[in-house]
Every structure is written in C-alpha cells, then in structure tokens.
Amino acid sequence: MSERVGDGTVRPGGPDGTERLARCPSAGLLLDVRDEGPADGPPVLLLHGFPQDRTSWDRLAPTLHAAGLRTLAPDQRGYSPGARPRGRGAYRLELLVEDAVAVLDAAGVERAHVLGHDWGGIVAWALAAHRPERTASLTVASVPHPRALSRSLVRSGQGLRSAYVAAFQLPRLPETALGPRLEDLLRRSGLPAAEATRYAARMRQPGALTAALDWYRAVPLSRLRTGPVDVPTTYAWGNRDPALGRRAAELTAEHVRGPYRFVELDAGHWLPETRPEQLAALVVARAGGTG
C-alpha cells in the first residue's frame, strides 16, 4: 500500500510501519526515489551520473546501511519517467540543484551527507557551494570541481578528453549515433556488463536519451556558477579515467576551503560500480567526522 502525504510525495508503508519516500515533487515534476537503510540514521543523498540511474548505487548502498546511514537515491530529472520535460533549458544546473533540495525537503531532511558521481558530482559540487546549510559533508567521485575542470582545459590534455561534450551539443545526431551502440560503448569503457545492459535499456525509453543529453546541452544556458566549497569534502578520482585527467583532479584542492581530502584510486571512471566498498568507506568516514 502507498499513500500521498500533504506535500504531494508518495510514501509506501514498510513492514515496521515506517513511511519511506518513493516519489518526490519538484517544480511540477515527479522524481522516483529509493529511500533505504535505517530510517533514523544520518541521511546520505546519492546523485547519479550519465547514463546511470539510482541503481548505480546498488553495490555501494548496503555498506552505508550497515554503517547506520539512511540513503536517498533519486532518479534525477530526465531519468525519472515523471520528470522528463522537453527542451534543454529544463536541465539547467540551477534546476538540478533545486531538485536535490526538493528530495531533502520531501524526506524531511534538514542536512544530508552528499555523494555524487559524474554529472551527479557536478550537481553535488553546486549544491555544497550554494546550499551549504543543507550539506553536512560532500563526497564526489570522478568529476573535479567545475572551475578546476575549466582551468585544466587550456594547459593539459583535458580539452581533448572533453571533446565529446561539444559533440553532444548537436541536435538529434548524438541520439542517432549513441542509441544503437550505447551498451557496447559502456562495456568497453569499463562498466560491468550488468549495469551496461540496465542503463542502455533505460535510455531506450521514449525521450530518455534526449533528456540525458540535454544535461550537456543546457551547460551554455545555466546561470549558476559553482564557487568555492566550505563544507568537509572528499574527492575520489580514478587515475585511469579516460574522460577526466590528473590536472583538474589536482587543481580541485584550490576550490575547497573546508576540510579536504583527495583520494586517488587505481580505477577508471565507473567508481560506484567498480570501487563501491572504497567509495562507501569515504562516505562513512565523512559522516562519522573522521574524514
């Protein structure tokens, strides 16, 4: 059974009678959310990247739950069938941050530890910078601070690594090129087969791939600029990541004013799926105040 509570969210009752968040309203959209772990535990907001979804945390979440943490994992804007607006302007960074805050509001959470990967990492950086009162700590996997990434484009090979972002700005052509090949490309990039199959299947839903690519297309339209971060922060980077190089990873320290830890992993890009225990340990350390 499920019920609609006053704020419009849908909360199914669990076996112990505890209501858990299942869907979250945000600016007329409806985000699907997975709310798991101890209901009274410190909350962790999990923000996935492209072309992932909330299931990208499946290998990691049990470790967080065992440590007493509650997890809130939304399918973000464009990935939830009920939150797939048309037009790239609907995917501006400021709106993605508002969605993250809406999840916290719907869950009755004042402040959360935040973990983001890939595009979810960009949202997490912006959330921590602009809404520090809602961010207890920050852990970001793979993606450096946006200003560090911008600085690295000139004096390193990051410009070549990021060339696909420019290609994604084209209308329709990226969907035509990626659609039939996405699963194979994901596998060849180091993503485990099960996840590659699952994510590619979601991208075949009507409008899903266009919505996911519109996150990239909205970059020139976004008005939010991510400044320095003051909350306790851990940044984990895989030294074999083909899309994100060392220069931006090392520059990130200059954009964090709070307690900071940089962790270099012998890994590629897909840290939630391939290094879940290591990534979870970093979150648990932040949540426990030990860095």
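This text gives an overview of the structure that appears in the document. What you see is a predicted model, and the numbers here were worked out from it, not measured in a lab. (Residues numbered from 1 in each chain as written. Predicted model: local features only at pLDDT ≥ 70, side-chain atom pairs only at ≥ 80, totals over all residues. Heavy atoms only, no water.)

1. Quick look at the pairing of strand β7 (residues 112-117)
Remark: a regular strand shows side chains that alternate across the two faces of the sheet.
Then step 1. Of all six residues that make up β7, six are buried, and the element is covered over most of its length.
Then step 2. Residues A112, V114 and G116 line one face of β7 and the alternating positions H113, L115 and H117 line the opposite face, and both faces are buried.
Then step 3. The sheet contact formed by strand β5 (residues 43-47) and β7 spans four bridges and is parallel. Each residue of the ladder has a partner; that of L47, found in β7, is G116.
Then step 4. Here β7 runs beside strand β8 (residues 135-141); their pairing, made up of six bridges, is parallel. Paired with H113 across the strands is S137, a residue of β8. (Buried < 20%, exposed > 50% of the residue type's maximum accessible area, 1.4 Å probe, protein only. Helix = DSSP H or I, 4+ residues; strand = E, 2+ residues; numbered from the N terminus. Pairing = 2+ DSSP bridges.)

2. Section: the packing of aromatic side chains
Then step 1. A full pass over the atoms with the stated rule returns 11 aromatic pairs.
Then step 2. Seen in terms of ring centroids, Y164 and Y216 are 6.1 Å apart; in terms of plane orientation they differ by 75°. Their pairing is edge-to-face. Of this pair, Y164 sits in helix α6 (residues 163-167) while Y216 sits in helix α10 (residues 208-217), and the two are 52 residues apart along the sequence.
Then step 3. Residue Y164 is classed as partly exposed on the basis of its relative accessible area of 33%.
Then step 4. Through a chain of ring-to-ring contacts, the aromatic side chains of F50, Y79, W119, Y164, F168, W215 and Y216 assemble into a single cluster. (Phe/Tyr/Trp six-rings, centres within 6.5 Å; stacked < 30°, edge-to-face > 60°.)

3. A look at the side chain of R92
Then step 1. Its location among the elements puts R92 in the loop between β6 (70-74) and α2 (93-106).
Then step 2. A distance of 2.8 Å separates a polar atom in the side chain of R92 from the backbone oxygen of G89.
Then step 3. At 2.9 Å, the side chain of R92 and the side chain of E94 are in polar contact.
Then step 4. If near-sequence neighbours (up to four positions away) are discounted, R92 is found in contact with A218, L221, S222 and R223. (Polar contact = N/O pair within 3.5 Å; in protein donor to acceptor, adjacent residues only side chain to side chain. Contact = heavy atoms within 4.5 Å.)

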